[in-house]
Amino acid sequence: MTLLEPDVALTDFALALEAGCFAAWLAWRYALDAPLRLPFVGFFAAVALAALLGGIAHGFLPDEQARLYRVVWLSTLIAIGVAALASWAIGARLIFGERTTGRVTAFAALLFGAYVVAVSQSFAVAIVHYLPAAAFLLFAFAYAWRRRRLDFLAAGIAGVALTFVAAAVQHGRIGLHPRYFNHNALYHLIQAFALLLIFLAARGLLKPAAR
């Protein structure tokens, strides 16, 4: 089996495995009534799905005009939108009470609905949709850290900040090697470290389930 873009596809699949394990671990380990459990699980699950589908597209689907490619790539972009929605929900719960959190989440859901209607084949559209959610999450982690000064909140800040670094690398087409590790592969590598830091923040914010 030959992958079309082995560096991009394999790093995508590794990212999917990492995020999927984080989602499964949080879902199993923490209490169902923990307020941040669902948005964090949704965030990591959406990232895992986006990475898995991205790996399939980059590895096995050469014709970007084919219907199957369009369906897979559109599903990838929608999964990124779900991750953005989860980011809004996490950030709101870090800053606001229940009523305002509900309003912010409703606003984010409207943004997601508009995104689904307007989304195209362009990855840039997904990035533009995701960046405000990431900026809000970064602010929320910083706000929470300023109040509580806990290490896991600092990890969350660093993790979200790394997602901006990853986006800059991807947009600037900065890679380690043009053939064997291009800008998309480096983007995935940086995202892997970012996800680990965000996972550490999630683990610190959630309460262990009673057993």
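Placed above this text is the structure.
Just so you know, these numbers come straight off a predicted model, no measurement behind them.

K.L.:
So what's going on with the overall build of the protein chain? Residues and values would help.
P.N.:
What the protein chain contains, in helices and strands, is seven helices and zero strands. When the helices and strands of the protein chain are listed from N to C terminus, the series reads α-α-α-α-α-α-α. Computed over C-alpha atoms, the radius of gyration of the protein chain comes to 17 Å, within 12% of the 17 Å expected from 2.2 N^0.38 for 211 residues, which places it in the range of a compact globule. Seen along its three principal axes, the alpha-carbon backbone of the protein chain occupies a region of about 50 × 35 × 35 Å. Here the protein chain, with 211 residues, has 48% of them falling under the buried criterion. Residue pairs at least 24 apart in sequence account for 72% of intrachain contacts in the protein chain once pairs closer than 6 positions are excluded. Working note: accessible area of the protein chain is about 11,000 Å², and carbon and sulfur atoms make up 67% of it.

K.L.:
Quick rundown of the environment of Gly156? Include the residues and the values.
P.N.:
Considering the arrangement of structural elements, one finds Gly156 in helix H6 (residues 151–171). Assessed through its relative accessible area of 0%, Gly156 is described here as buried. Taking the C-alpha atoms as reference points, Gly156 and Leu138, 18 residues apart in sequence, are found 7.7 Å from one another. Ignoring anything within four residues of it in the chain, the contact list for Gly156 reads Phe141, Leu197 and Ala201.

K.L.:
Give a description of the pattern of salt bridges that names residues and reports values.
P.N.:
It is possible for side chains of opposite charge to pair when their charged atoms get near one another. Applying the stated criterion across every chain yields a total of one salt bridge. Linking Arg93 and Glu98 is a salt bridge whose minimum nitrogen-to-oxygen distance equals 3.0 Å.

K.L.:
Please provide a residue-by-residue account of unusual backbone geometry, values included.
P.N.:
Here the phi dihedral of Arg149 falls at roughly 55°; this positive angle occurs in a residue that is not glycine. Here Arg149 is to be found in the loop between helix H5 (123–148) and H6. Residue Arg149 is classed as exposed on the basis of its relative accessible area of 52%. The backbone phi angle of Arg173 is positive, close to 55°, even though this residue is not glycine. Considering the arrangement of structural elements, one finds Arg173 in the loop between H6 and helix H7 (183–205).

K.L.:
Kindly report on the side chain of Asn182, identifying the contributing residues and their values.
P.N.:
Here Asn182 is to be found in the loop between H6 and H7. Contact partners of Asn182, with chain neighbours within four places excluded, come to Glu5, Asp7, Val8, Gly175 and His177.

K.L.:
Tell me about H6, residues and numbers included.
P.N.:
The end-to-end C-alpha separation of H6 is 30 Å, in line with the 30 Å expected for 21 residues at 1.5 Å each. Within H6 the residues assigned to the buried category are Phe152, Leu153, Ala155, Gly156, Gly159, Val160, Thr163, Ala166, Ala167, Val169 and Gln170. Buried positions along H6 lie against H5 and H7. Where H6 ends, the next residue or the one after it, Arg173, has phi of about 55°, a positive value.

K.L.:
Requested: an account of the packing of aromatic side chains, with residues and values cited.
P.N.:
Going through the model one piece at a time under the given rule, you end up with 11 aromatic pairs. Relative to Phe199, the ring of Phe22 lies with its centre 4.2 Å away and its plane at 5°, an arrangement referred to as stacked. Taken together, the residues Phe22 in helix H1 (residues 6–29) and Phe199 in helix H7 connect sequence positions 177 residues apart. A residue is classified by how much of its surface remains accessible, and Phe199, at 8% relative accessible area, is buried. Aromatic pair Trp88 and Phe107: ring centres 6.0 Å apart, planes at 90°, arrangement edge-to-face. Remark: Phe107 occurs in helix H4 (residues 98–118) and Trp88 occurs in helix H3 (residues 67–95); sequence separation between them is 19 residues.

Conventions and cut-offs
- Residues numbered from 1 in each chain as written.
- Predicted model: local features only at pLDDT ≥ 70, side-chain atom pairs only at ≥ 80, totals over all residues.
- Heavy atoms only, no water.
- Helix = DSSP H or I, 4+ residues; strand = E, 2+ residues; numbered from the N terminus.
- Rg over C-alpha atoms; globule rule 2.2 N^0.38 Å.
- Buried < 20%, exposed > 50% of the residue type's maximum accessible area, 1.4 Å probe, protein only.
- Contact = heavy atoms within 4.5 Å.
- Areas by Shrake-Rupley, 256 points an atom, 1.4 Å probe, with all protein chains shown as cover.
- Salt bridge = Lys/Arg side-chain N within 4 Å of Asp/Glu carboxyl O.
- Expected span 1.5 Å × (residues − 1).
- Phe/Tyr/Trp six-rings, centres within 6.5 Å; stacked < 30°, edge-to-face > 60°.

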